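Chain by chain, the residues:
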Amino acid sequence: ASKLAILASLSFNQNIQYSDVTVEGIDNIDLMDIQYAKELGYQIKLVGTARIADGEGVEAHVHPTLVGTKNPLSSVKNEFNAILINADFLGLNMYYGKGAGSKPTATAVVSDIVKIGLKISQSKDYNEKSFDLSDKKQLRPMSSITSKYYLRIMTEDKPGILAKIGTVLGDNGISLASVIQKDTEKDFAQVVFTTHKASETQFAQSFKTIKTFPFVKKIVYYRIAD
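Residues numbered from 1 in each chain as written. Predicted model: local features only at pLDDT ≥ 70, side-chain atom pairs only at ≥ 80, totals over all residues. Heavy atoms only, no water.

Re empty space enclosed by the protein
Counted under the stated rule, the structure contains one cavity of 30 Å³ or more. When its volume is computed, the largest cavity comes out at roughly 30 Å³. Lining the largest cavity are Tyr36, Glu39, Leu40, Ile180, Lys182 and Val192. For the lining of the largest cavity, the secondary-structure elements that each account for two or more residues are helix H2 (31–39) and strand S7 (176–185). Partitioned by chemical class, the residues of the lining of the largest cavity number four nonpolar, no polar and two charged. (1 Å grid on protein atoms, 1.4 Å probe; cavity = no way out; pocket = protein on both sides within 12 Å on 5 of 7 lines; lining within 4 Å. Points joined across faces, edges and corners; volume = space filled by probe spheres on them. Helix = DSSP H or I, 4+ residues; strand = E, 2+ residues; numbered from the N terminus. Nonpolar A, V, L, I, M, F, W, Y, C, P; charged D, E, K, R; others polar.)

A closer look at the nonpolar core
Counting residues in each nonpolar core, the largest one holds 18 residues, and the members touching the most others are Leu151, Ile153, Ile165, Ile210, Val216 and Ile219. A total of four residues in this core trace back to one element, the largest contributor, which is helix H4 (residues 161–171). Every residue in contact with Ile219, bar those within four places of it in the chain, is listed here: Leu151, Arg152, Ile153, Phe207, Ile210 and Lys211. The next biggest cluster of nonpolar side chains, apart from the first, holds nine residues, and it includes Tyr42, Ile44, Leu66 and Val192. (Core = buried A, V, L, I, M, F, W, Y, C linked by side-chain atoms within 4.5 Å. Buried < 20%, exposed > 50% of the residue type's maximum accessible area, 1.4 Å probe, protein only. Contact = heavy atoms within 4.5 Å.)

Some details on the side chain of Glu200
Residue position: Glu200 is located in helix H5 (residues 200–211). Among the polar contacts listed, one links the side chain of Glu200 to the side chain of Tyr149, at a separation of 2.8 Å. When residues no more than four places from it in sequence are discounted, the contact partners of Glu200 are Met142, Ser143, Ile145, Tyr149 and Arg223. (Polar contact = N/O pair within 3.5 Å; in protein donor to acceptor, adjacent residues only side chain to side chain.)

Looking at the pairing of strand S4 (residues 80–87)
Pairing of S4 with strand S5 (residues 91–98), which is carried by eight bridges, proceeds in the antiparallel orientation. For Phe80, the partnering residue across the bridge sits in S5 and is Lys98. Here S4 folds back onto S5, and the loop between the two strands holds three residues. (Pairing = 2+ DSSP bridges.)

With respect to the packing of aromatic side chains
One pass over the full model with this rule turns up eight aromatic pairs. With a centroid separation of 5.0 Å and 25° between ring planes, the pair formed by Phe213 and Phe215 is classed as stacked. The same class applies to Phe213 and to Phe215, which are both buried. By the ring-pair criterion, three or more aromatic residues cluster together here, those being Tyr149, Phe203, Phe207 and Tyr221. (Phe/Tyr/Trp six-rings, centres within 6.5 Å; stacked < 30°, edge-to-face > 60°.)

Here's the deal with the packing of H4 against H5
Their axes nearest at 9 Å, the elements H4 and H5 cross at an angle of 150°. On the basis of the axis angle, H4 is roughly antiparallel to H5. Handedness of the crossing formed by H4 with H5: right-handed. On the side of H4, the interface is formed by Ile165, Val168 and Leu169, while H5 contributes Ser206, Thr209 and Ile210. Its residues assigned to classes, the contact of H4 with H5 shows four nonpolar, two polar and no charged. (Axes fitted to C-alpha atoms, helices over the stretch in contact; angles between N-to-C directions. Parallel < 35°, antiparallel > 145°, perpendicular 65-115°, else oblique. Left-handed = near helix turned anticlockwise from the far one by under 90°.)

Section: the pairing of strand S3 (residues 57–68)
Summarising burial for S3: 12 of the 12 residues are buried, a large majority. Sheet topology note: the strand S2 (residues 42–53)/S3 ladder contains 12 bridges and is antiparallel. Counterpart to Val47 in the pairing with S3 is His63. Between S2 and S3, which pair antiparallel one after the other, the connecting turn spans three residues, and Gly55 there sits at a positive phi close to 80°. One ladder, built from two bridges, connects S3 with strand S10 (residues 216–224); its direction is parallel. Paired with Thr65 across the bridge in S10 is Arg223.

Description of unusual backbone geometry
Positive phi, close to 55°, is recorded for Asn13, a residue that is not glycine. Within the secondary structure, Asn13 is located in the loop between helix H1 (2–12) and strand S1 (22–23). Classification of Asn13 by relative accessible area gives partly exposed; the value is 37%. Phi at Asn78 is positive, roughly 55°, even though this residue is not glycine. With respect to the element layout, Asn78 can be found in the loop between S3 and S4.

Below, the structure written as structure tokens:
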């Protein structure tokens, strides 16, 4: 989230702070969802995303995300980091390398020391205008952001349940891309949905309603990256 705030500030000339970034961690990821995501052609990755839209401001959020296996971000593992950039004239570019470990960290620290040393040796004063952000900041609320979704629901294994869940999603303007049902234990089933794009508000309303159904024993969701 801190890295994303810095990159968003540089990219969009706005003073984006850590507190402006919506953050969800990885502590609730279930092995079952990793396996189901793989079946659907995805990897679960912790992804930070910042976008800007004309007249709509900057969106900035960090959360576990289902990334398609054809997306280069899906192959980033262990101590490696990657930044994927989409620019008007440059198109898609990815920068990839080690983001942790003794040598990468030492390289970054020594690089900063050398840069400071060169400024001292060349008698260059600090120029506060060398990095100047706009005083205006326009942020998009998370509720207005759109995404595709992965939704897993552990339910009682009874007729009509899929129809009720589908009705709730449809009433909130969410269309389904796929439905997979798996029997896991006696009297219960795991149902996995993927959706087409919907707003956070639409999905939150659906999630809130579905959680109240007495036949629902567990419900989890992840956003899906394009």
